[in-house]
Each structure stands twice: as structure tokens, then as C-alpha cells.
Amino acid sequence: LSPSSFLVEKQPPQVLKTQTKFQASVRFLLGPQLLKASAKPYMVRADMVTEKQARELALSAYSNVLSESTGEIMHNVVALETNPTSGTCCANFKNVLLKKIKRCERKGSESVTEEKCAVLFSTTVALTPSNLSVHLQVLSLPIVVIVHGNQDNNAKATVLWDNAFSEIDRVPFVVAERVPWEKMCDTLNLKFMAEVQTTKGLLKEHYFFLAQKVFNDHSASLEDFQSRSVSWAQFNKEILPGRGFTFWQWFDGVLDLTKRCLKSYWSDRLIIGFISKQYVCKLLSTEPDGTFLLRFSDSEIGGVTIAHVIRGKDGSSQVENIQPFSAKDLSIRSLGDRIRDLGQLRNLYPNTPKDQAFGSHYNKEQTGKD
């Protein structure tokens, strides 16, 4: 009857916006036959708790009872339903609405999107034949509560870091401040594939570029980075040099753009994406006129740019980067059609004719019209 006796199922990610509904179901792994037959069904209650309250509950081995909820949840009590076939009891919260949240004091430079809380599910049941009354309670995974869409990006960073790097048996909600870069690579890759819904993950050269970006180091080798660790501050607190955003804010912008507009191009490996402007110049400068490749913008969040080589009659070469396209731009005219429109683009690096590479992505209705 310990908290490990039941499962908490939630809809990820655990970023809640106040006045927004969320779903959760708590499945009690107690056989229905153990529950005393009752005219009234047992009720399960959901309450918001702070990280401090969650810690106190865990340290008391869940023997303490919650003194005060940290937020106001509507529709927070539902009946526990028994399923004789599966031998489980399930409480399904379908219309939960978080109406208010009481913020707690934050430590130092901690922002509101780093504040973790949780949902505490609790119920009291009577077991047969001794009529023993047992109070059960369990915490959800940590949740970040936001009040505006512009907090979504940073809240997702907190959730991702906690989900990826916390130990299973821990004091709520302690998580490492630094993690090995290799672990971070695995996390970014899993996140990218899951969000974009692609089977084509990040490659070694992509990790190399990302390492140069997060560590602000362009002199280290790929092997050098493998032995380093990355901090939470480097991930989503420190602004990247010469930019107005953090590493995660930039990476999340790439995720969003790829998910919305570039999934098929990425899955067909038509986008290198994670590559520096300097390295693109090195690659393209020796290529024939009109050779191009696609990279994610360094200077803008959620932009993809086309770099192409222009070769003069004297044999000199110049690499140009077209103004980045945003998701809004690509919703007006797709990337494939934009590439078809640009006559100066001939071969996708290293040497694939653009119609062969992107022909399947052209809008057929537009072909030959303009």
C-alpha cells in the first residue's frame, strides 16, 4: 500500500497553463475484491502541492496528510471505478481546471518557469475482511504552471531537464545541475525525433555543431566535447554570445519550425540544418556555381536559410545566405516551391540536381504557372 502501489498516468508535457484543462488518471493496483463493498463509491481527490510540500510528504514516507493546497483546482474529486476484468481501480480526471496558483518564494535568480509543483492524488479506502481504513496518496511527476504562452518555451526546458536527468528514487524534485554532454545529445535527439515525428535523428556532425554553440568553443574537437558536462545555466539561462536568446530557446525554435514546415525535407535528409555559417563557406567555396544547402539560422529563432555559391567569370567564389524563412513564410509558400523559384540554385550539395532532390516537394498545381 505504499505509493509504489499505484501508477500515475499523465498527458506530457507537464506544462500547465492556468485556466487550461488537463487530463490525468490514477490507477490503483489494488484488486477490487479487496475493497469493501460500499453503497457509495470511493472518491479520489487531486490537489496542487509545492516542491517543498512534495518533499515533506516524501520524507514522511507519505504518512503526513496535506495541510493546504497550493492552488485552486475545479472538478478535483472523481469516483474510483473498479474494473473486475483487469483487476484494477481507476480514477479518471477528465475536466480538471486549475483556476489559481499560489507562487512560493524562489531561490536567487530562479524564474517562475523553473518553479516545479505537482498534483497530489489521495483517497481513503476500507479493506475487507478487517474493515481496515487506509489513506493512499501519490504524487504526479513535476509540473510547471504558466499563465502566458510566452512562458511556454522556458517551462518546457524545465520539464525536459527534469524528465531526462532526474533519478527515479529521489527527494522531490532534486535534479543534477550539470550532466554529461553525451547524455544531453541523447536527450536532444530523442526530443527532436519525438516532436518532429521522424525516424531520422541527429548525426555526429550535428552534435559537434550543437556542442560548439552551447559551450561557445570553436577550437575543441568532437572527442574533446564528449568528456565535458553541460550545466542548466548553459542550457537555458545564459544568453548565447551576440544573441538575445538561450541555447534551448534557439533549439526549440528549430524543433517547432521543423515539426510545422520541414518534416518531410528533414526525413528525406535534404536539410543539413545544424551547421555553422563558417563551415558552410568552407564546404561551398570550392563547388560549382549554384551549389546550395539548407541550414538553420543562427541569428533568428525558428528560421531556415539557403546558402549558395556564386562563381564569377574569373573563377572567384562567393557564398551567399538568403534571408531566413520563418514558419509563417513557409506557410505562405513552401520551401520546395521557393527553391524551385530561385533560378540561381542548381545543385543540392554535394551534387544532386535540385529538381531531382526537391521535385517530389513541389506543389504540382503551381508547376508551369508562374
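Everything discussed here concerns the structure shown above.
Calculation rules
- Residues numbered from 1 in each chain as written.
- Predicted model: local features only at pLDDT ≥ 70, side-chain atom pairs only at ≥ 80, totals over all residues.
- Heavy atoms only, no water.
- Disulfide = S-S within 2.5 Å.
- Pairing = 2+ DSSP bridges.
- Helix = DSSP H or I, 4+ residues; strand = E, 2+ residues; numbered from the N terminus.
- Contact = heavy atoms within 4.5 Å.
- Axes fitted to C-alpha atoms, helices over the stretch in contact; angles between N-to-C directions.
- Buried < 20%, exposed > 50% of the residue type's maximum accessible area, 1.4 Å probe, protein only.
- Arc of directions from axis to C-beta.

### Digging into the state of the cysteines
In this structure the tally under the stated criterion is zero disulfides. Unpaired in terms of disulfides, C89 finds its nearest cysteine sulfur in C90, a separation of 8.9 Å.

### So, the sheet that holds strand 16 (residues 317-321)
Strand order in this open sheet of five strands is 16-15-14-17-18, and the pairing throughout is mixed. Pairing within the sheet leaves two strands with one partner each, and these edge strands are strand 16 and strand 18 (352-353). Summarising the sheet, strand 14 (residues 291-296) and strand 17 (residues 347-348) pair through two bridges and their orientation is parallel. Across the sheet, residue T291 finds its bridge partner in strand 17, namely N347. Sheet strands in contact with helix 7 (residues 247-267) are strand 14 and strand 15 (304-311), and its direction is about 135° off that of strand 14. Helix 8 (residues 277-284) contacts strand 14, strand 15 and strand 16 of the sheet and is inclined by roughly 165° relative to strand 14.

### Considering the pairing of strand 10 (residues 132-139)
Sheet topology note: the strand 9 (residues 117-127)/strand 10 ladder contains eight bridges and is antiparallel. The partner of F121 across the bridge, within strand 10, is V138. Counted along the chain from strand 9 to the antiparallel partner strand 10, the turn is four residues long, and its residue N131 has a positive phi close to 60°.

### Quick notes on helix 8
Of all the residues in helix 8, the buried ones are V280, L283 and L284. Each buried residue of helix 8 sits inside an arc of 85° when the element is viewed along its axis, so together they form one side. Among the exposed residues of helix 8, those oriented more than 90 degrees off its buried face are Q278 and K282. The elements touched by buried residues of helix 8 are strand 14, strand 15 and strand 16.

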